[in-house]
4 protein chains.
Amino acid sequence: VRPCFALTVRVYYEDTDAGGVVYYANYLKFMERCRTEWLRAMGINQHRLRHEQYLQFAIVNLTAEYRLPAVLDDELRVTAELTGLTGATFSFAQAVWRGDESLATGTVRVACLDSRTLKPRPIPKDIFTEWRDGQ
Amino acid sequence: VRPCFALTVRVYYEDTDAGGVVYYANYLKFMERCRTEWLRAMGINQHRLRHEQYLQFAIVNLTAEYRLPAVLDDELRVTAELTGLTGATFSFAQAVWRGDESLATGTVRVACLDSRTLKPRPIPKDIFTEWRDGQ
Amino acid sequence: VRPCFALTVRVYYEDTDAGGVVYYANYLKFMERCRTEWLRAMGINQHRLRHEQYLQFAIVNLTAEYRLPAVLDDELRVTAELTGLTGATFSFAQAVWRGDESLATGTVRVACLDSRTLKPRPIPKDIFTEWRDGQ
Amino acid sequence: VRPCFALTVRVYYEDTDAGGVVYYANYLKFMERCRTEWLRAMGINQHRLRHEQYLQFAIVNLTAEYRLPAVLDDELRVTAELTGLTGATFSFAQAVWRGDESLATGTVRVACLDSRTLKPRPIPKDIFTEWRDGQ
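Residues numbered from 1 in each chain as written. Chains lettered and ligands numbered in written order. Predicted model: local features only at pLDDT ≥ 70, side-chain atom pairs only at ≥ 80, totals over all residues. Heavy atoms only, no water.

## With respect to the interface of chain A and chain C
What counts is decided by this rule: Residue contacts follow a heavy-atom distance rule, with two residues in contact if any of their heavy atoms lie within 4.5 Å. Here the quantity called buried area is the accessible surface, traced with a 1.4 Å probe, that two parts lose on coming together, added over both. A pairing counts as a salt bridge when a side-chain nitrogen of Lys or Arg comes within 4 Å of a carboxyl oxygen of Asp or Glu. Two N or O atoms form a polar contact when they lie within 3.5 Å of each other; inside protein one atom must be a possible hydrogen donor and the other a possible acceptor, and for residues adjacent in sequence the pair counts only when both atoms belong to side chains. Residue polarity is assigned by list, with Asp, Glu, Lys and Arg as charged and Ala, Val, Leu, Ile, Met, Phe, Trp, Tyr, Cys and Pro as nonpolar; anything else, Gly included, falls into the polar class.
Taken together, the contacts link 8 residues of chain A with 8 residues of chain C. Of the roughly 700 Å² buried between chain A and chain C, counting both surfaces, carbon and sulfur atoms make up 71%. For the chain A face of the interface with chain C, the top three residues by lost area are Y13, A18 and Y23 of chain A, together amounting to 57%. In this assembly, chain A and chain C are joined by 0 salt bridges. Remark: the boundary between chain A and chain C carries 4 residue pairs in polar contact (both at pLDDT 80 or more). Taken together, the residues of the side of chain A that touches chain C break down into 3 nonpolar, 3 polar and 2 charged.

The structure is reproduced here in structure tokens:
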């Protein structure tokens, strides 16, 4: 089985809306935090990547399904699993859990960009190899 | 042809991130603003709907494709077209434009909830009829 | 009397929280939108300013008083008045109105930074002169 | 000396803006997360407080000083110290640190509201006593 990276996230007032639940776009923030921590666990600091190697990541497409709402003060577990890797993009399956309940799931495809031009560029070979072998 | 509702949105610092572009989740805010104005144009104020009829909307699922990044100070046109309507959910195709360039597109399916229980409930008949005939 | 710049802002779900009101930090977003439009009215596009003149603005300090809450669907009027201008910083008095009701007020002091170093630098002479004479 | 409550916060893309730094209003989110965890450490869950006791908190006023910018991937320590307590409001001194550097400081005064009317009401006696004696 594939390892699945997980991050614990707390719901604060900033995440909620007047509907009394977490605002729908904010689940994408939680998912991005989890991808960022996955990158960090792989040794990648995006701030340095951008300033030293002129490389940044951009979302190409995504899907999200919302099943149950999260509310203020909930403790959530956000997961990310690398599901695809080509020379130029990588993909994740993600989920947001509250205990045993799956609140939301999503898929995200990410591309590498040159941060000076915002144009696509290949994933650097050392990063590609580490991700491929890390799975 | 179907009418397509449009809203003009300006990109402020709050919408951008350290990648120098609009943060990916914030396109969903722009799309939601456009759906809200579509509702308002149909005579629906969501604040009153919630407090007088105990009705609120919740996203069931969505997809998004990101083609080109928006940057600070861009003036964007966000569109929403009603593409589906059942007794319990309604769906939109949405897009974000900068002049003639399509920056992002998405689809969103929305359900009605009872705001006291956060459980699904049917779209009220008068709203359903107006939306169906408004198209 | 001094002219006071004003911007109309609509409250969307993204601005509210589970308390049923606009989240306190989001009033600062509204105030920043107003300052941005004041700059735009003075001929300044911050995106170009950053990329062509390596100049960006940063908040030095602020105060805010909250009197009455704004809620979903409110139409607000946000104002900004230039109250101070030195060689290195400029200051605003700001307010958020709903009709005749003053919901919140604030003061903000802003500095110029060199965007390559994030260090303070003087306000460019042409900008300083225009602001001074524009009042 | 008074105890000072602290929370560690990581800076993600969502927190930054196109100036390459944390957006100024987002420091207030960090400060609010710290106050929320202070409340939780005192045994208060705001979601339950609102739904069981019809009590919620609202910011009355605040000040903030920004000294140095936080950037993507920074690990910050946010602190909150209770500096005042009356029958109806309580006040905090707050700070945001990166290692030994003080990036920002602030003061916040908070009132209790009845969540059904959004009008001020006294701090419940048991909460008041715990806070007073907890210092």
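## Here's the deal with the environment of D114 of chain D
Residues and elements named next belong to chain D. What counts is decided by this rule: By the criteria applied, helices consist of DSSP H or I runs no shorter than four residues and strands consist of E runs no shorter than two, each listed in order from the N terminus. Remark: exposure states derive from per-residue accessible area (1.4 Å probe, protein chains only) relative to the maximum for the residue type, with buried under 20%, exposed over 50%, and partly exposed in between.
Mapped onto the elements of the fold, D114 is located in strand β5 (residues 101-114). The exposure class of D114 is buried, given its relative accessible area of 12%. When the C-alpha atoms of D114 and E14 are compared, they prove to be 32 Å apart, with 100 residues separating the residues in sequence. The contacts of D114, once residues within four sequence positions are left out, are Y54, K119 and R121.

## Brief notes about the relation of the copies chain C and chain D
This is how the line gets drawn: Least-squares fitting of one copy onto the other uses the C-alpha atoms of those residues that reach a pLDDT of at least 70 in both copies.
Once chain C has been moved 0.0 Å along the axis and rotated by 180°, it coincides with chain D to within an RMSD of 0.0 Å. In the structure described here, the two chain copies are related by an operation that fits a two-fold rotation axis. Taking C-alpha positions as reference, the residue of chain C nearest the rotation axis is T63 of chain C, located at 2.1 Å. The fraction of interface residues of chain C whose copies in chain D are also interface residues reaches 100%, indicating that both copies meet through the same surface.

## Examining helix α2 (residues 46-53) of chain B
Residue and element names in this part refer to chain B. Worth spelling out the cut-off: Comment: arc refers to directions from the helix axis out to C-beta atoms.
Buried within α2 are the following residues: Q46, L49 and R50. Down the axis of α2, the smallest arc covering the buried residues is 95°, so these residues share one side. The inward-facing, buried residues of α2 abut α1 (26-41), β2 (55-66) and α3 (125-134). N-cap assignment for α2: the residue whose side-chain oxygen lies 2.9 Å from the backbone N of H47 is N45.

## A word on the relation of the copies chain A and chain C
What relates the two chain copies is a rotation about an axis together with a slide along it. For the pair chain A and chain C, the best superposition has an RMSD of 0.0 Å and corresponds to a rotation of 180° with a translation of 0.0 Å parallel to the axis. Counting the interface residues of chain A, we find that 100% of their copies in chain C are interface residues as well, pointing to one common contact surface.

## Here we look at the interface of chain C and chain D
Put simply, the rule is: At least two DSSP bridges between two strands are needed for those strands to be called paired.
Chain C puts 24 residues into the contact, and the matching count from chain D is 24 residues. A buried area of about 2,000 Å², summed over both sides, lies between chain C and chain D, and 58% of it is on carbon and sulfur atoms. Ranking the residues of chain C by area buried against chain D places Y24, L62 and Y66 of chain C at the top, with a combined share of 27%. For the interface between chain C and chain D, the tally reads 0 salt bridges. At the level of elements, α1 (26-41) and β2 (55-66) of chain C are the ones that each hand at least two residues to the side of chain C that touches chain D. Class assignment of the residues belonging to the side of chain C that touches chain D gives a composition of 14 nonpolar, 5 polar and 5 charged. Across 5 bridges, β2 of chain C lies against strand β2 (residues 55-66) of chain D in antiparallel orientation. Bridging from a neighbouring strand, T63 of chain C pairs with T63 of chain D of β2 of chain D.

## Side note on the state of the cysteines
All names here are of chain D. Spelled out, the test is: Disulfides are defined in this document as cysteine sulfur pairs within 2.5 Å.
Under the counting rule described, the total for this entry stands at 0 disulfides over all chains. Among the cysteines around C34, which has no disulfide bond, C4 carries the closest sulfur, lying 7.4 Å off. Residue classification places C34 among the buried residues on the basis of a relative accessible area of 0%.

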